[in-house]
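Coordinate inspection notes
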Number of protein chains: 2
Amino acid sequence: MRVLITGGGGFIGQKLARAIAAEGVVAGQAVSGLTLVDIAAPEAPEAGFPVTTLACDIADPGAVNAVFEEKFDAIFHLAAVVSGAAERDFDLGMRVNLFGTLTLMEAARAQGNCPLFVYASSCAAHGGEAPETVRDDTPANPQTSYGAQKVACEYLVTDYSRRGFLDGRSLRLPSVTIRPGKPNAAASSFMSSIFREPLQGEAANCPVGEDFVIWHSAPRTVVRNILHAAALPAEAWGTNRALNLNGRSDTVGEMIAAMTRVAGPEAAARITWTREPEIEGILEGWRAKVDSARGRALGFETDESFEDSVRWFIEDDMARA
Amino acid sequence: MRVLITGGGGFIGQKLARAIAAEGVVAGQAVSGLTLVDIAAPEAPEAGFPVTTLACDIADPGAVNAVFEEKFDAIFHLAAVVSGAAERDFDLGMRVNLFGTLTLMEAARAQGNCPLFVYASSCAAHGGEAPETVRDDTPANPQTSYGAQKVACEYLVTDYSRRGFLDGRSLRLPSVTIRPGKPNAAASSFMSSIFREPLQGEAANCPVGEDFVIWHSAPRTVVRNILHAAALPAEAWGTNRALNLNGRSDTVGEMIAAMTRVAGPEAAARITWTREPEIEGILEGWRAKVDSARGRALGFETDESFEDSVRWFIEDDMARA
Ligand SMILES: NC(=O)c1ccc[n+]([C@@H]2O[C@H](COP(=O)([O-])OP(=O)(O)OC[C@H]3O[C@@H](n4cnc5c(N)ncnc54)[C@H](O)[C@@H]3O)[C@@H](O)[C@H]2O)c1
Ligand SMILES: NC(=O)c1ccc[n+]([C@@H]2O[C@H](COP(=O)([O-])OP(=O)(O)OC[C@H]3O[C@@H](n4cnc5c(N)ncnc54)[C@H](O)[C@@H]3O)[C@@H](O)[C@H]2O)c1
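Chain A is annotated in an unreviewed UniProt entry as SDR family oxidoreductase of Paroceanicella profunda.

**Brief notes about the pattern of salt bridges**
In this structure the tally under the stated criterion is 44 salt bridges over all chains. Between glutamate 87 of chain B and arginine 162 of chain A there is a salt bridge, with its nearest N and O atoms 2.9 Å apart. Here glutamate 87 of chain B, found in helix α3 (residues 83–88), pairs with arginine 162 of chain A, found in helix α5 (residues 145–162), and the two come from separate chains. If you follow the salt bridges from partner to partner, you end up with Glu87 of chain A together with Asp159, Arg162 and Arg163 of chain B in one network.

**Points about the site of ligand 2**
Residues and elements named next belong to chain B. As a structural note, the neighbourhood of ligand 2 is formed by 25 residues, with Asp38, Leu78, Tyr146, Val176 and Arg179 the closest of them. For ligand 2, an oxygen atom lies 2.8 Å from a polar atom in the backbone of isoleucine 12. Valine 176 is positioned with one of its backbone polar atoms (N or O) 2.8 Å from an oxygen atom of ligand 2. Look at ligand 2: alone it shows 820 Å² of surface, and the protein chains cover 87% of it. Looking at the shell around ligand 2, the elements that each hand over two or more residues are α1 (11–23), β7 (116–122), α5 (145–162) and β10 (175–176). Among the elements that take part in the shell around ligand 2, β7 stands out by supplying 3 residues, more than any other. Among the residues making up the shell around ligand 2, the classes are represented as 15 nonpolar, 6 polar and 4 charged.

**Let's talk about the UniProt feature "domain: NAD-dependent epimerase/dehydratase" (unreviewed entry) in chain A**
UniProt annotation of "domain: NAD-dependent epimerase/dehydratase" (unreviewed entry) refers to residues 3–216 of chain A when read in the numbering used here. Counting secondary structure, residues 3–216 of chain A comes out at 36% helix and 22% strand; the distance between its end C-alpha atoms is 27 Å.

**Concerning the interface of chain B and chain A**
In this complex, chain B contributes 34 residues to the contact, which on the side of chain A involves 34 residues. Together chain B and chain A conceal approximately 2800 Å² of surface at their shared face, both sides included; 54% is due to carbon and sulfur atoms. For chain B, the biggest contributors to the area lost against chain A are Phe90, Tyr155 and Arg163 of chain B; these three give 22% of the whole. Viewed at the interface, chain A and chain B are joined by 6 salt bridges. Inspection of the region where chain B meets chain A yields 20 residue pairs in polar contact (both at pLDDT 80 or more). Of all the elements in the fold, those that place two or more residues in the side of chain B that touches chain A are α3, α4 (90–111) and α5 of chain B. At 9 residues, α5 of chain B tops the list of elements feeding residues into the side of chain B that touches chain A. Of the residues that constitute the side of chain B that touches chain A, the class distribution is 17 nonpolar, 7 polar and 10 charged.

**Brief notes about the relation of the copies chain B and chain A**
Note on the copies: chain B fits chain A at an RMSD of 0.0 Å, the axial shift is 0.0 Å, and the rotation between them is 180°. A rotation of that kind, with that shift, is consistent with a two-fold axis.

**Details of the site of ligand 1**
Residues and elements named next belong to chain A. Neighbouring ligand 1 are 25 residues; Asp38, Leu78, Tyr146, Val176 and Arg179 lie closest to it. A distance of 2.8 Å separates a nitrogen atom of ligand 1 from a polar side-chain atom of aspartate 57. With respect to ligand 1, the side chain of arginine 179 contributes an N or O atom lying 2.6 Å from an oxygen atom. Protein coverage of the free-state accessible area of ligand 1, which is 810 Å², stands at 87%. For the shell around ligand 1, the secondary structure elements donating two or more residues are α1 (11–23), β7 (116–122), α5 and β10 (175–176). Tallying contributions element by element places β7 first for the shell around ligand 1, with 3 residues.

**Quick look at the environment of alanine 55 of chain B**
Residue and element names in this part refer to chain B. Among the structural elements, alanine 55 can be located in strand β5 (residues 51–55). When its relative accessible area of 52% is taken as the criterion, alanine 55 is described as exposed. Separated by 222 residues in sequence, alanine 55 and proline 277 have C-alpha atoms that sit 36 Å apart. When near neighbours in sequence (up to four residues on either side) are disregarded, alanine 55 contacts Asp38, Ile39, Ala40 and Ala41.

Definitions and limits used
- Residues numbered from 1 in each chain as written.
- Chains lettered and ligands numbered in written order.
- Predicted model: local features only at pLDDT ≥ 70, side-chain atom pairs only at ≥ 80, totals over all residues.
- Heavy atoms only, no water.
- Salt bridge = Lys/Arg side-chain N within 4 Å of Asp/Glu carboxyl O.
- Helix = DSSP H or I, 4+ residues; strand = E, 2+ residues; numbered from the N terminus.
- Near = heavy atom within 4 Å.
- Polar contact = N/O pair within 3.5 Å; in protein donor to acceptor, adjacent residues only side chain to side chain.
- Areas by Shrake-Rupley, 256 points an atom, 1.4 Å probe, with all protein chains shown as cover.
- Nonpolar A, V, L, I, M, F, W, Y, C, P; charged D, E, K, R; others polar.
- UniProt positions renumbered as here; feature names shortened; annotations may be inferred.
- Contact = heavy atoms within 4.5 Å.
- Buried area = accessible area lost by both parts, 1.4 Å probe.
- Least-squares fit on C-alpha atoms with pLDDT ≥ 70 in both.
- Buried < 20%, exposed > 50% of the residue type's maximum accessible area, 1.4 Å probe, protein only.

Below, the structure is given as structure tokens:
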């Protein structure tokens, strides 16, 4: 198994790389090499097999072809311009999220070995005409350019898979909280920062009310589910390679209460509550309740509590920092 | 109103051009000029305003930009590599149906006037996981590359519209029967040829059984509905610019009986019945029953009978030939 991760320097990319390094197995087969690409060459995890890290703009076909001088058996495509950034800069989003993904799919196809291709789509696929609770048969109706670009690619991933060019699996990820590091350009950035900053003794603003509902999953769970997506047989996916990945619905208030139960009351007191209409505008277009019956049937994991997410953040990220 | 039709030399493009020439009005405004583009410069209808015909490969950005030296208020985007051809030649389908459409949308956006953009999508958007009767809230699950390319573009048309780059409306057309001329590379080609050839004294083969159900609409109705799509206010479309256009479900047997009622029994006797598994394979992935409640509510027309389609073919096409 030669494995490629795009966006390998990002939040999920780094955690996925460390998980693959630790387990040494992808889709039931021993990993013989791991390549991480990102705009700048990412940090390499320690591993029992060679790890290559490369700077590669996935929207540059020449750079992508250079990466594909090696042949991969499994590709985890995580590189993306996230929601807020793609909304502010439409052309950049199209360039990376649509054309970059297509460039990568063409490179994967040109290998001729029908590689596994796990694509990180987003629950931002839903909104607009979607009912309050999204089901497996709810049509995507994204209300951001980011979401539209993701959904367009999902359809092409499914078609490339039907044709045998690659073996695709698109996961519409919930908001992955708690994200370590700095706030980012995602409209959902606060869904991590209102826990991350207070847990580390800093203030953070919550731009929505306490009763705002968040559709979320912990990084550990998401990484396990991404690896599970790769391990499932192609037949399990049927004619639709895109899936609303399992997650949890909790209000901001419930999540803060969970943080308090794990880490004491000081953290919550550091949250400020100034509403931000621009963010609320984007979030209004999203959905916060998803019934992922298909994901459960396919054996994807669901978080049991937000307490776990808080504990894992303290163990995995605060300990590392 | 300066109007552009891509695929203006094709079946629907020519009929739409003649309808616009005859009516002189698009979206309630007088037409001041009509441009038809196709791979080869199309035939121009007689009109009370200037008609320009140009050869332009829509997948060639230079050629498209040359066409857009003029500014358009309404664009009817009909150019496409049809289902059978896009299935046989994947790269050609991607080039024209996906990248060509994107090139055109970019040119429309660059005008800066948010032009009307009516996009001919297809009921081939449905299949796979779709229930037997497709409803307005049935997610697209195309089983051809053609269908996947159309759906990917629908999502981008909706997003370009949300952003105010153009004012898009995507219609998933039923099989448009009876198509004049020669059989084409669409898997649905027989849905016209088993009527067209026999009505004109020639033999034609039906590759499916008499009880095969077809989701169809007459060219006259489709052209009226395309013009209606342009005339509706943007608000009528809400957050989803794609629509399952009205049509009719009839079995091949019922449609042949309708032809016999209009034109006598000789025609039907000219049909041969050799099954063609390759075509049946593609058609199995389609859906033949669609409940277009939203289309009816928006005032799109529905054919009252297939007899009308036979009569209109005799009046409009056999008379012309
Ligand atoms: N984190 C979430 O809550 C969440 C939710 C839904 C979907 N997703 C999706 O999951 C994936 C990973 O998310 P993340 O949170 O790790 O994001 P991230 O921003 O931390 O990582 C994405 C990485 O992609 C890289 N990248 C951007 N443009 C690139 C280009 N042109 N070429 C190469 N690399 C490029 C960035 O440098 C970044 O390191 C993304 O596709 C994202 O859309 C994430
Ligand atoms: N006729 C139907 O039953 C039906 C059903 C569903 C959807 N549609 C859609 O409606 C539209 C019109 O269909 P039609 O039946 O008139 O098809 P058609 O094949 O008769 O016309 C399409 C035209 O597009 C032109 N074209 C192809 N590639 C081109 C390119 N690169 N640049 C410029 N022009 C190009 C062709 O030369 C052709 O004249 C198409 O988009 C088709 O997918 C048709």
